[in-house]
Amino acid sequence: MVFVSRKEHFNAAHKLYNPKWTEEKNVEVFGPCANSNWHGHNFDLIVTVKGDPDPDTGFVVDLKKLSVLIKEQIIEKVDHKNLNMDVDFMQGKMASTENLVIEFWRILESKLPQITDNAVLHCLKLYETPRNFVEYYG
């Protein structure tokens, strides 16, 4: 089993705010992330797939095809967007990094078979900042 990863980058804004709570409770729980005028991040997404190398190509997955898939299915939908307002698959959800990575998984897991029959999704790692990131294994 070989693990292959591709890293992509995007910028996006969001706000952490629970409408069921008071303004004070939101500020208490989310701090500046509840800013009414939003805030932004420079995100890095690392997509890892696993499988056995194809005997004809030596690839687990063609990284160019994986890059195109990530860009078309994820990056183009979130880059320079407001995650709360502009991204259809985040509507009605708290725009946390945890929820975002789960939605990314759902999208990529269903699309990966279009580019390979040799690999499966293993892990997504989403960096919100250089020191804060989440990992998701489905």
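Residues numbered from 1 in each chain as written. Predicted model: local features only at pLDDT ≥ 70, side-chain atom pairs only at ≥ 80, totals over all residues. Heavy atoms only, no water.

**Topic: the pattern of salt bridges**
Oppositely charged side chains are able to pair whenever their charged atoms sit close together.
Piece 1. Applying the stated rule across the entire model yields four salt bridges.
Piece 2. Residue Lys93 is joined to Glu103 by a salt bridge in which the shortest nitrogen-to-oxygen separation is 3.9 Å. Remark: Glu103 occurs in helix α3 (residues 97-111) and Lys93 occurs in the loop between β3 (81-82) and α3; sequence separation between them is ten residues.
Piece 3. For Glu103, a relative accessible area of 8% translates into the label buried.
Piece 4. Linking Arg106 and Glu103 is a salt bridge whose minimum nitrogen-to-oxygen distance equals 2.6 Å. (Salt bridge = Lys/Arg side-chain N within 4 Å of Asp/Glu carboxyl O. Helix = DSSP H or I, 4+ residues; strand = E, 2+ residues; numbered from the N terminus. Buried < 20%, exposed > 50% of the residue type's maximum accessible area, 1.4 Å probe, protein only.)

**Digging into the packing of aromatic side chains**
Piece 1. Tallied over the full model, the rule gives six aromatic pairs.
Piece 2. When the centroid spacing of 5.9 Å and the interplanar angle of 75° are considered together, the rings of Phe10 and Phe104 count as edge-to-face. With Phe10 in strand β1 (residues 2-14) and Phe104 in helix α3, this residue pair connects regions lying 94 residues apart in the sequence.
Piece 3. Of the residues examined, Phe10 reaches a relative accessible area of 0% and is grouped as buried.
Piece 4. You can call Phe104 buried: its relative accessible area is 0%.
Piece 5. Here the aromatic rings of Trp105 and Tyr136 are separated by 5.5 Å at their centres, their planes lie at 90°, and the arrangement is edge-to-face. Within this pair, whereas Trp105 is found in helix α3, its partner Tyr136 is found in strand β5 (residues 133-136), the two being separated by 31 residues in sequence.
Piece 6. Taking relative accessible area as the criterion, Trp105 reaches 6% and is therefore assigned buried.
Piece 7. In this structure an aromatic cluster arises from ring pairing among Phe10, Phe43, Phe89 and Phe104.
Piece 8. Over the face of the ring belonging to Tyr17 we find Lys15, whose NZ or CZ atom lies 5.1 Å from the ring centre.
Piece 9. Its end group placed over the ring of Trp21, Lys25 keeps NZ or CZ at 4.8 Å from the ring centre. (Phe/Tyr/Trp six-rings, centres within 6.5 Å; stacked < 30°, edge-to-face > 60°. Lys NZ or Arg CZ within 6 Å of the ring centre and 35° of its normal.)

**Details of the packing of helix α2 (residues 63-78) against α3**
Packed helix pairs are characterised by how far apart their axes lie and by the angle those axes make with each other.
Piece 1. As a packed pair, α2 and α3 sit with axes 10 Å apart at the nearest point and diverge in direction by 155°. Taken together, the axes of α2 and α3 lie roughly antiparallel to each other. The handedness of the crossing between α2 and α3 is right-handed. Listed contacts from α3 to Leu69, Ile70, Gln73, Ile74 and Val78 of α2 are Phe104, Ile107, Leu108 and Lys111.
Piece 2. Residues that form the contact of α2 with α3 fall into these classes: seven nonpolar, one polar and one charged. (Axes fitted to C-alpha atoms, helices over the stretch in contact; angles between N-to-C directions. Parallel < 35°, antiparallel > 145°, perpendicular 65-115°, else oblique. Left-handed = near helix turned anticlockwise from the far one by under 90°. Contact = heavy atoms within 4.5 Å. Nonpolar A, V, L, I, M, F, W, Y, C, P; charged D, E, K, R; others polar.)

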